[in-house]
Amino acid sequence: MISTPKHDFDVLVIGGGPAGCAVSTVLAQQGRRVAVLEKQPRRRYSVGESLIPFCYDALDRMGLNGQLEGAPFSFPKHSVQFASIEGKVSRSFYFFQHTDHPRAKTWQVVRAEFDKLLRDNAEEKGVQFFEQTRARELLYGDDGEVVGVRANDPAGYEMTFKAKVTVDATGRDTFAQSRLGWRVPDKKLKKMAIWTYFEGATRDDGYDEGTTTIAYLPNKGWFWNIPLPNDRVSVGLVGDKDSLFDESKDLGEIFEREVAKQGWLRGRLENARQTDEYRVTSEFSYRSRHCATDGLVLIGDAFSFLDPVFSSGVYFALTSGVMAADAIDAALEADDVSAGRFAEYGEAFRKQMEPMRKLVYAFYDDGFSFGKFLKEHPDLRPQVTDVLIGDLERDYEEGLFRTMSDFADLPEPLEHGRPAALEATKTKQD
């Protein structure tokens, strides 16, 4: 269709989820003209309902701390616990035991309402949203730098958006990765997830009512159990595709078969009513070959996705958004948005992901048990909890992971993820 007039901004963000809202809000607070293109309507379903404590810092930068307290879509979360196949529950990893700070309490959230809060807040800070607007292709300048995108509005009309910096916050759609051939899978972390929702499930009492539970299954499969407001609970099954689908392709049959194997969860759901359909996705972990090129920055899941066992997704989305915003603001101030300006951002984000990635690898290691590990090394329990809560700027190599490597096969840090020199960027799209 005929193109509409082009729109020009300092920063163009593709994607209005947590990562996109974080980067756009912080940049707008710094006086930048920011637009967000979001293909979905303002309220949209999303999984990933469990926050971790260090989300506090990014939410604070966005001016949102305090707004989750008592919100109808949030439920207090004070800890994480693990349930064995037989139904024995671990000691809870209480956040308050490791940080004397308001972040010691975090939240389980209904994502449609949480994401709407983020978008509304971004608009209040001056961000301009173009909703139900789908980005189609990257636009390039004379020197090969990214200068914006071509998109379609809700009616299908073509729109051109130009900006000094374009940010890919499209999550697992990986808009730029897909077009530039940058996707690199983390081959040992190839899982499937099937999930649904229940009402009337048994809950813990009082302080523990909002606890996230990770319930083990044979062959390193697991369930998440996330209590939500209004007596709802999110329950998800994660495992290897071949193992999950070896006897049946019916999602309900697979889910019920695995619940029957999990003593703790079976008891919790005994009198519960399923209130939603079964949903399924491939939880394949990956990281982009590059975090940026000239005029383009990748954040959140658009840069890297890590297995969700420890609920780190929203944390990495928000935190990378804030980190990238500071790097972009400095680049704009210097009038230099070349790839090298984002090297420090990429390095900091990669370093934050590695401790959580090591813990995920340990979780899936056939010979590893957190219970056995902490029984032999109770002094390391605080460090395990510190990683779980998102305190990821610290160095855990000498203490926690050097010891843990005697119990599990831990990965070396991924080398890719640095900015791309202009010549490394693939040819322009057709």
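The present account deals with the structure reproduced in this document. (Residues numbered from 1 in each chain as written. Predicted model: local features only at pLDDT ≥ 70, side-chain atom pairs only at ≥ 80, totals over all residues. Heavy atoms only, no water.)

**Comments concerning the overall build of the protein**
- Scanning the protein from N- to C-terminus turns up twelve helices and 19 strands.
- At 22 Å, the protein has a C-alpha radius of gyration in line with the 22 Å of a compact globule built from 430 residues.
- When the backbone C-alpha atoms are referred to their principal axes, the protein occupies close to 65 × 45 × 45 Å.
- When each of the 430 residues of the protein is scored for burial, the buried share is 59%.
- A fraction of 75% describes how many contacts in the protein between residues 6 or more apart in sequence connect residues 24 or more apart.
- A total of about 17,800 Å² of accessible surface is found on the protein, and carbon and sulfur atoms cover 46% of it.
- Each charge class in the protein was averaged separately, 55 positive and 69 negative side chains, and the resulting centres sit 2 Å apart. (Helix = DSSP H or I, 4+ residues; strand = E, 2+ residues; numbered from the N terminus. Rg over C-alpha atoms; globule rule 2.2 N^0.38 Å. Buried < 20%, exposed > 50% of the residue type's maximum accessible area, 1.4 Å probe, protein only. Contact = heavy atoms within 4.5 Å. Areas by Shrake-Rupley, 256 points an atom, 1.4 Å probe, with all protein chains shown as cover. Lys, Arg positive; Asp, Glu negative; His and termini not counted. Charge placed at Lys NZ, Arg CZ, Asp CG, Glu CD.)

**Observations regarding the nonpolar core**
- Within the largest apolar cluster, 118 residues are counted, with the highest numbers of intra-cluster contacts made by Phe-310, Ile-328, Phe-363 and Met-404.
- Here this core takes 13 residues from helix H8 (residues 313-333), the largest share from any one element.
- In this structure, Met-192, Ile-194, Ala-201 and Tyr-278 belong to the second largest nonpolar core, which totals 21 residues. (Core = buried A, V, L, I, M, F, W, Y, C linked by side-chain atoms within 4.5 Å.)

**So, the pattern of salt bridges**
- Enumeration over the complete set of coordinates arrives at 35 salt bridges.
- Where Asp-329 meets Arg-32, a salt bridge forms, and the shortest distance between an N and an O atom there is 2.8 Å. Placement of Asp-329 in helix H8 and of Arg-32 in the loop between helix H1 (18-29) and strand E2 (34-38) is noted, with a sequence separation of 297 residues between them.
- Asp-329 sits in the buried class, given a relative accessible area of 18%.
- For Arg-32, a relative accessible area of 18% puts it in the buried group.
- We note a salt bridge from Arg-103 to Asp-57, for which the minimum N-O separation is 2.8 Å. Remark: Asp-57 occurs in helix H2 (residues 55-61) and Arg-103 occurs in the loop between strand E5 (93-94) and strand E6 (106-109); sequence separation between them is 46 residues.
- A residue is classified by how much of its surface remains accessible, and Arg-103, at 11% relative accessible area, is buried.
- A network of salt bridges, in which partner residues are shared, links Asp-246, Glu-247, Arg-257, Glu-258 and Lys-261. (Salt bridge = Lys/Arg side-chain N within 4 Å of Asp/Glu carboxyl O.)

**Details of the packing of aromatic side chains**
- This model, assessed by the stated rule, comprises 28 aromatic pairs.
- Ring centres of Trp-195 and Trp-224 lie 6.2 Å apart, and the angle between their planes is 40 degrees; this geometry places the pair in the tilted category. You can see Trp-195 sitting in strand E11 (residues 183-199) and its partner Trp-224 sitting in strand E13 (residues 222-227), a full 29 residues away along the chain. For the pair Trp-195 and Trp-224, a shared accessibility class is recorded, and that class is buried.
- On the basis of an interplanar angle of 45 degrees and a centroid distance of 5.8 Å, the ring pair of Phe-368 and Phe-373 is categorised as tilted.
- Take Phe-373: its relative accessible area is 0%, and that puts it in the buried class.
- When the ring centre of Phe-305 is taken as origin, the NZ or CZ atom of Arg-172, which lies over that ring, is 4.6 Å away.
- The ring of Tyr-286 is capped by Arg-183, whose NZ or CZ atom sits 3.9 Å from the centre of that ring. (Phe/Tyr/Trp six-rings, centres within 6.5 Å; stacked < 30°, edge-to-face > 60°. Lys NZ or Arg CZ within 6 Å of the ring centre and 35° of its normal.)

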